[in-house]
Every structure is written in structure tokens, then in C-alpha cells.
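Commentary on secondary and tertiary structure
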Amino acid sequence: MHIHVKKPFWVRSGLAAVALTATLIFMSAPTVRGDEAACQRRIAKADHRLHEAAEHHGWESRQVVDARQQLHEAREYCWAHAHKWWDEDGHRWHTDRDWDDHDHDHDRDHDHDQH
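Residues numbered from 1 in each chain as written. Predicted model: local features only at pLDDT ≥ 70, side-chain atom pairs only at ≥ 80, totals over all residues. Heavy atoms only, no water.

**What to know about the packing of aromatic side chains**
Definition in use: Pairing of aromatic side chains requires ring centres within 6.5 Å, counting the rings of Phe and Tyr and the six-membered ring of Trp. Pairs whose planes differ by under 30 degrees are stacked, by over 60 edge-to-face, and all others tilted. Comment: elements are numbered from the N terminus, with helices defined as DSSP H or I runs of at least four residues and strands as E runs of at least two. Per-residue accessibility, obtained with a 1.4 Å probe over protein chains only, is compared with the maximum for each type, and a residue is labelled buried under 20%, exposed over 50%, and partly exposed between these values. Consider the ring centre and the ring normal. A charge sits over the ring if Lys NZ or Arg CZ is within 6 Å of that centre and within 35 degrees of that normal.
Inspection of the entire model under this criterion finds 2 aromatic pairs. Pairing tryptophan 85 with tryptophan 99 gives two aromatic rings, centres 5.6 Å apart and planes at 80°, and the pair type is edge-to-face. Note that tryptophan 85 is positioned in strand E1 (residues 85-87) and tryptophan 99 in the loop between strand E2 (92-94) and helix H3 (106-114), a separation of 14 residues in sequence. Tryptophan 99 carries the same exposure label as tryptophan 85, and that label is buried. With 5.3 Å between their ring centres and 65° between their planes, tryptophan 86 and tryptophan 93 make a pair best called edge-to-face. Accessibility expressed as a relative area gives 23% for tryptophan 93, which makes it partly exposed. The ring of tyrosine 77 is capped by arginine 42, whose NZ or CZ atom sits 3.8 Å from the centre of that ring. The residue whose ring lies beneath lysine 84 is tryptophan 93, and the NZ or CZ to ring-centre distance is 4.9 Å.

Next up, the structure:
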């Protein structure tokens, strides 16, 4: 004869909670890394566009203004989603919202020195 013992509710719900928590932890880890990689690519691409616009149109051009705005938006996106932003020129993450939208302006001085 087989006797079936019903487990208390707190045991059943506790096991379910542990299983759910473990699943969420394992599922969320790649997402964080994925968001981080996406942010890094987004900022790197916008930074590259800014340098290309300056090279082809000059630092005072409308194209540079647009590219600088895109870089700002990429940094804002990463800050809002990851609370950090990628410094493409310094090749490092910043955990403070300390970027300067005109941090590439020093390149203008360098361009004038060459001409």
C-alpha cells in the first residue's frame, strides 16, 4: 500500500520561489552583458560618425553638430539603461555621468595646428 503525503504549502511555494529566482538570475545575466555590449557598440559607432563628419566636413559643419547630437543620445541611452557609458577614445567605462558633449573639440585645435 502506497501512502501519499501532501507537502505543506510553504514547502511547495518555497521550492517554486527558489526555482523561479534561479531561472531569473541565469536569464538576466546575459541580458546585462548584452546591453553593455550594445551600449559600447552604439557609442563607438556614434563616436566614429563624429570623427568622420569632422574629417569630411570640418568641425563647424552641420554634419558635426548632428553627429555630436547622436553621440550625446547614445551616451544618454546607455546611462538610462546601464548607469554607465563607454568612452571610446579612452577605451573604458565611466560610472559617473561625467561626459562632455564637446569633448572632441580639442581635435579642432589640433587640426588648426596642421594647416
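**Structural notes on the environment of glutamine 70**
In this fold, glutamine 70 is placed in helix H2 (residues 62-82). By relative accessible area, which is 34% here, glutamine 70 ends up partly exposed. As a C-alpha pair, glutamine 70 and arginine 42 span 28 residues in sequence and 9.6 Å in three-dimensional space.

**Regarding the side chain of aspartate 47**
For clarity, the cut-off: Asp and Glu are treated as the negative residues and Lys and Arg as the positive ones, with His and the ends of the chain left uncounted. A side-chain nitrogen of Lys or Arg and a carboxyl oxygen of Asp or Glu constitute a salt bridge if their distance falls within 4 Å. The criterion used for residue contact is that any of the two residues' heavy atoms lie within 4.5 Å.
Position of aspartate 47 relative to the elements: it lies in helix H1 (residues 9-57). No salt bridge is formed by the buried aspartate 47; the nearest opposite charge belongs to arginine 75, separated by 4.9 Å. Other than its neighbours up to four places away in sequence, aspartate 47 contacts Leu71, Glu88, Asp89 and His104.

**Focus on the confidence of the model for the protein chain**
Stated precisely, the cut-off is as follows: pLDDT is a residue-level measure of predictor confidence that goes from 0 to 100.
Across the protein chain, pLDDT averages 81, with 68% of residues at or above 70. No element of the protein chain has a lower mean pLDDT than H3, at 50, and none a higher one than H2, at 96. With pLDDT under 50 throughout, residues 110-115 is counted as low confidence; its partners more than four residues away or in other chains account for 1 contact.

**A short note on H2**
Which entries qualify depends on this criterion: Helix span, expected: 1.5 Å multiplied by one less than the number of residues in the helix. Think of it as the arc spanned by the lines of direction from the helix axis to the C-beta atoms.
The first and last C-alpha atoms of H2 sit 30 Å apart over 21 residues, in line with the 30 Å expected at 1.5 Å per residue. The complete set of buried residues in H2 reads Val64, Ala67, Arg68, Leu71, Ala74, Arg75, Cys78 and Trp79. Looking straight down H2, one finds that the buried residues subtend no more than 135° of arc, so they occupy a single side. Residues of H2 that are exposed and point over 90 degrees away from its buried face: Arg62 and Ala80. Backbone geometry just after H2 places histidine 83 at a positive phi near 55°.

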